[in-house]
Amino acid sequence: MATNPRPLSATPSKMQQRKERRMFSTSDDSAMMKQVQATHAPDGREIDVNPIIKIVDEILIQAIARSIEGHHVKQEQDTLEIAAALAEFDTLDTLAFIINKISCELSCKCSGGGDAHASTMVLLNYLSSYAWHAKVVLTLAAFAVIFGEFWLVAQLSAANTLAKSVALLKQLPDIVENSTNLKPQFEALNKLIKAALDVTMCIVEFKELPSDYISEHTPPMSVASAHIPIAAYWVIRSIVACASQIASLIGMRNESISSATEAWELSSLAHKVSSIHEHLKNQLALCYQYIDDKRHVEAFHNLIRLFESVHVDNMKILRALIYAKDDLPPLVDGTTKSKVSVEVLRRKHVLLLISDLDLSQEELMILDNLYKDSRSRGEMHYEMVWMPVVDKATWNDMNKHKFEYLQSMMAWYSVRDPFIIEPSVIKYIREVWNFSKRAIVVALDPQGRLSSPNALHMIWIWGNLAFPFTREKEESLWKQEIWSLELLVDGIDPTVLEWITEGKFICLYGGEDLEWIETFTTTAMNVAKAGKFQLEMVYVGKSNAKERMQRMINTFATRKFSYYWSNVTPIWFFWARLESMLYSKLQHGKTVENDQIMSEVMTVLSFDGSDRGWAIFCRGPSEMARAKGDTALTSLKDFDKWKHKIDEVGLVPALKDYLDQLHTTHHCNSLILPGSTGGIPQKVVCAECGRQMEKYFMYRCCVE
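Reading guide: rules and limits
- Residues numbered from 1 in each chain as written.
- Predicted model: local features only at pLDDT ≥ 70, side-chain atom pairs only at ≥ 80, totals over all residues.
- Heavy atoms only, no water.
- Helix = DSSP H or I, 4+ residues; strand = E, 2+ residues; numbered from the N terminus.
- Buried < 20%, exposed > 50% of the residue type's maximum accessible area, 1.4 Å probe, protein only.
- Contact = heavy atoms within 4.5 Å.
- Areas by Shrake-Rupley, 256 points an atom, 1.4 Å probe, with all protein chains shown as cover.
- Core = buried A, V, L, I, M, F, W, Y, C linked by side-chain atoms within 4.5 Å.
- Salt bridge = Lys/Arg side-chain N within 4 Å of Asp/Glu carboxyl O.
- Axes fitted to C-alpha atoms, helices over the stretch in contact; angles between N-to-C directions.
- Parallel < 35°, antiparallel > 145°, perpendicular 65-115°, else oblique.
- Left-handed = near helix turned anticlockwise from the far one by under 90°.
- Nonpolar A, V, L, I, M, F, W, Y, C, P; charged D, E, K, R; others polar.
- Phe/Tyr/Trp six-rings, centres within 6.5 Å; stacked < 30°, edge-to-face > 60°.
- Lys NZ or Arg CZ within 6 Å of the ring centre and 35° of its normal.
- Pairing = 2+ DSSP bridges.
- Polar contact = N/O pair within 3.5 Å; in protein donor to acceptor, adjacent residues only side chain to side chain.
- 1 Å grid on protein atoms, 1.4 Å probe; cavity = no way out; pocket = protein on both sides within 12 Å on 5 of 7 lines; lining within 4 Å.
- Points joined across faces, edges and corners; volume = space filled by probe spheres on them.
- Expected span 1.5 Å × (residues − 1).

## Concerning the overall build of the chain
Counting its secondary structure elements, the chain contains 27 helices and 12 strands. Counting across all 704 residues of the chain, residues that qualify as buried make up 50%. A separation of at least 24 residues holds for 74% of the contacts in the chain among residues at least 6 apart in sequence. Within the structure as shown, the chain displays about 34600 Å² of accessible surface, and the carbon and sulfur contribution to it stands at 52%.

Shown next as structure tokens:
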């Protein structure tokens, strides 16, 4: 069981860190940085700044949007939000004084057009006992008071006598009459205020990151912490610039207004602050990624602990795997297509069908038959839930359509949305249950205990007889099996099973060499006629070649070589069951040396790996002889050489003896095993000579 989490990758690269240091240091030399840091002496007081931010946003952003830009904002909604913010603002009495003091400082320092840096440092010294996020929020609030008073007087002066009198005393310009001249200044002012507020929000978000998952010394946070002081400096300096802009408008009622220079200065500062915001936002994203990774790892280990614990029912396990919240029903009932809660699975055996969106029609069809069969007999032993594993980065309309199509084809439950499955669950599915590409079926009992990490092999071999899909049940079923034609075709074709019962001589054959198939089938029927015995032949095709098999089926329909399966599903199922038998045996530690069924299964799979055909001759429950294509054909052509033994030992044993005589040391077998969840055997013995085969790796995406 792989339980170690993968390394986290939220730490920025050295190149990125150097780039950020350059960005912050080009304009802000180390001397100024030391000055800023020297003002910082927090006394540990905590301030809930969020209510203040809501009010500041209403004054500086929403008011500007309504008044300057002409946006139509629902004022009733804004009033309600402000009322809610004020209800939360229980520290107003304490903070009103400091906000008013900063407003006075801004008004005094900025009205004379003094040094912006010096004014900024005065404010930083005044706010020395506050945390960085509180410094910027309180300064913004102080400016909001200045701007709010200015804007109320300027806006109401045309209709309100008191406001008009104040405007006259302040000699405020007529906003309406000078709207064209003032527009560049207010647009630049608005842009700078927005940038300063964005950086402020970032600094506040850093402060509110959960300390349980990220500390100040963790690389993503430590990098941000190094940048926050200088970011706070530039926010406060921007506010100083904005206050100076407002102060410059006082006494300009009858003067011509030249706004180009002021607007350019504000725009230049806004560009710098916006750049700082981008860097902080990127660092914040890294912090959130780090936190998410930590949470996912924690949830991953919680899953491990859950599966190691004892539960009265399966609800804790299923909620952790599917969806833990109660805000929406996470499942879709395949029969009614209605949305249902996880409660429908309480205290039931549950099969989790886990796959990507490439689940084949053949797999769906076989599972659908088995699922409906269990219910038609009144044996509702289990429920099934489809849990698709998808990549959010590559999700598109085509994948959405595939998901919805597959979901519509399922009679069982499925998750309503693939992305309600948590990343920690996907990690668990991949690392503990070893899901990679091929579908798996994880079996859970009514208490949520793991019955099988992949019961699909059992389902393919025995269907619902394998219930409750435990290792013990699997061992019990294998004890009842022998290598026989019935084991090979069970559940695939009742016609072949009838032939077995009737004691007919049966030949299973495969491959896709039409010349060999024609010669082999003709020769076989001639031998049956000459030997005066009834022969039934069934073509089982080739594995992993659906399109080619469909063409072969079309050819068989025209040329009538022998009995064949009229669609690709039985052919696919025949080979899927053989692979399932192999992996089932591997899971139980069997080898070709100590288990006949495994040896024979690997022989047939190696036959399928060749370019030529192959054949298995059978009669009754246990008489079987098999050979590769050329050897099988030769044995039939040499019928006269071994037919005399038929009366003595029987048809199949006589043929088997002759095939043994034809065996040569010169041969070449290959075996291609899909990288499924059963594990690839370390040692594979050749079906012809018994020697260990060499191991190679093949990667294949095109099965045609």
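And the narrative resumes.
## Description of the nonpolar core
Trp412, Phe469, Leu488, Leu508, Tyr509, Phe520 and Phe574 are the most contacted members of the largest nonpolar core, which totals 103 residues. Setting aside chain neighbours within four positions, we find Phe469 in contact with Leu351, Tyr382, Ala443, Ser451, Ser452, Ala455, Met458, Ile459 and Gly463.

## Observations regarding the pattern of salt bridges
Inspection of the entire model under this criterion finds 32 salt bridges. When the shortest N-O distance is used, the salt bridge between Lys437 and Asp356 registers 2.8 Å. With Lys437 in the loop between helix 15 (423-431) and strand 6 (440-444) and Asp356 in the loop between strand 3 (349-355) and helix 13 (361-376), the pair connects residues that are 81 residues apart, well separated along the chain. Judged by its relative accessible area of 47%, Lys437 falls in the partly exposed class. The salt bridge involving Arg438 is made with Glu579; its shortest N-O contact spans 3.0 Å. Remark: Glu579 occurs in helix 22 (residues 568-587) and Arg438 occurs in the loop between helix 15 and strand 6; sequence separation between them is 141 residues. Several salt bridges share partner residues, and in doing so they unite Asp313, Arg319, Asp326, Glu343 and Arg346 into one network.

## Some points on the packing of helix 22 against helix 23 (residues 596-608)
In helix packing, the relevant descriptors are the interaxial angle and the interaxial distance, both defined with respect to the helix axes. In contact at an axis separation of 10 Å, helix 22 and helix 23 are set at 135° when each is read in the N-to-C sense. Classed by the angle they form, the pair helix 22 and helix 23 counts as oblique. The hand of the helix 22/helix 23 crossing is left-handed. Taken together, the residues of helix 23 that come into contact with helix 22 (itself represented by Trp575, Leu578, Glu579, Met581, Leu582, Lys585 and Leu586) are Ile597, Met598, Val601, Met602, Val604, Leu605 and Asp608. When its residues are assigned to classes, the contact of helix 22 with helix 23 shows 11 nonpolar, no polar and three charged.

## Quick notes on the packing of aromatic side chains
Taken as a whole and assessed by the stated rule, the structure comprises 33 aromatic pairs. Judged by centre distance (5.4 Å) and plane angle (10°), the ring pair of Phe307 and Tyr428 falls under stacked. You can see Phe307 sitting in helix 11 (residues 260-308) and its partner Tyr428 sitting in helix 15, a full 121 residues away along the chain. The two residues Phe307 and Tyr428 agree in class, both being buried. In this arrangement the basic side chain of Arg295 is found over the ring face of Tyr213, its NZ or CZ atom lying 4.9 Å from the centre. One cation-aromatic arrangement involves Arg375 over Tyr371; the distance from NZ or CZ to the ring centre is 3.7 Å.

## Focus on the sheet that holds strand 9 (residues 535-539)
One key point about sheets: their strands pair by backbone hydrogen bonds, in either a parallel or an antiparallel sense. The mixed open sheet is built from five strands, whose spatial order is 10-9-8-11-12. Bordering the open sheet on either side are strand 10 (563-564) and strand 12 (623-628), each of which pairs with just one other strand. Relative to strand 11 (residues 614-619), strand 8 (residues 505-510) is paired through six bridges, and the arrangement is antiparallel. Bridge pairing in strand 11 links Gly510 to Trp614. Of the strands in this sheet, strand 8, strand 9 and strand 11 are in contact with helix 20 (residues 514-531), which crosses strand 9 at around 165°.

## Thoughts on helix 6 (residues 116-126)
Along helix 6, the residues that are buried comprise His117, Ser119, Thr120, Met121, Leu123 and Leu124. Residue Asp115 occupies the N-cap position of helix 6, its side-chain oxygen lying 2.9 Å from the main-chain nitrogen of His117.

## Here's the deal with the sheet that holds strand 1 (residues 331-332)
Sheet architecture is open: seven strands sit in the order 2-1-5-4-3-6-7, paired in mixed fashion. Edge positions in the sheet fall to strand 2 (339-340) and strand 7 (450-452), since each of these pairs with one other strand and no more. Across two bridges, strand 1 lies against strand 5 (residues 413-415) in antiparallel orientation. Directly across from Leu331, in strand 5, lies its bridge partner Val415. Along the sheet, helix 13 makes contact with strand 3 and strand 4 (382-388), crossing strand 4 at roughly 155°.

## Considering the pairing of strand 6
Burial of strand 6 is extensive: five of the five residues sit out of reach of the surface. Where strand 3 lies against strand 6, five bridges are found, and the strand directions are antiparallel. Looking at strand 6, one finds that Leu351 is bridged to Ala443. Where strand 6 meets strand 7, two bridges bridge the pair, whose relative direction is antiparallel. Among the inter-strand pairings, Leu444 is bridged to a residue of strand 7, identified as Leu450.

## Remarks on empty space enclosed by the protein
To find the voids left in a structure, one rolls a probe of water-molecule size over its atoms. Applying the stated rule across the entire model yields three cavities of 30 Å³ or more. Size it by volume and the largest cavity reaches roughly 50 Å³. Lining the largest cavity, in full, are Phe505, Ala524, Val527, Phe533, Leu535, Phe617, Leu636, Trp642, Leu651 and Leu655. Put simply, the parts of the chain that give the lining of the largest cavity at least two residues each are helix 20 and helix 27 (651-662). Here the residues of the lining of the largest cavity sort into 10 nonpolar, no polar and no charged. What the second largest cavity holds in volume is close to 40 Å³. Around the second largest cavity, the lining residues are Leu351, Leu367, Leu370, Tyr382, Ile459, Gly463, Asn464 and Phe469. A breakdown of the residues in the lining of the second largest cavity according to their chemical character gives six nonpolar, two polar and no charged.

## A word on helix 22
Under the 1.5 Å per step criterion, the end-to-end length of helix 22 is 28 Å for 20 residues, consistent within 8% with the ideal 28 Å. With respect to burial, helix 22 is a largely interior element, 18 of its 20 residues being buried. N-cap assignment for helix 22: the residue whose side-chain oxygen lies 2.9 Å from the backbone N of Thr569 is Asn567. At the exit of helix 22 stands Gly589, carrying a positive phi of roughly 75°.

## Structural notes on the pairing of strand 12
Across six bridges, the pairing between strand 11 and strand 12 is antiparallel. Directly across from Cys618, in strand 12, lies its bridge partner Met624. Where strand 11 hands over to strand 12, the hairpin turn is made up of three residues, of which Gly620 adopts a positive phi near 70°.

## Quick word on unusual backbone geometry
Here the bond from Phe467 into Pro468 is cis, since omega is 10°, no more than 30 degrees from zero. With respect to the element layout, Pro468 can be found in the loop between helix 16 (456-462) and helix 17 (471-479). For Arg347, which is not glycine, the phi dihedral falls at a positive 55°. Its location among the elements puts Arg347 in the loop between strand 2 and strand 3.

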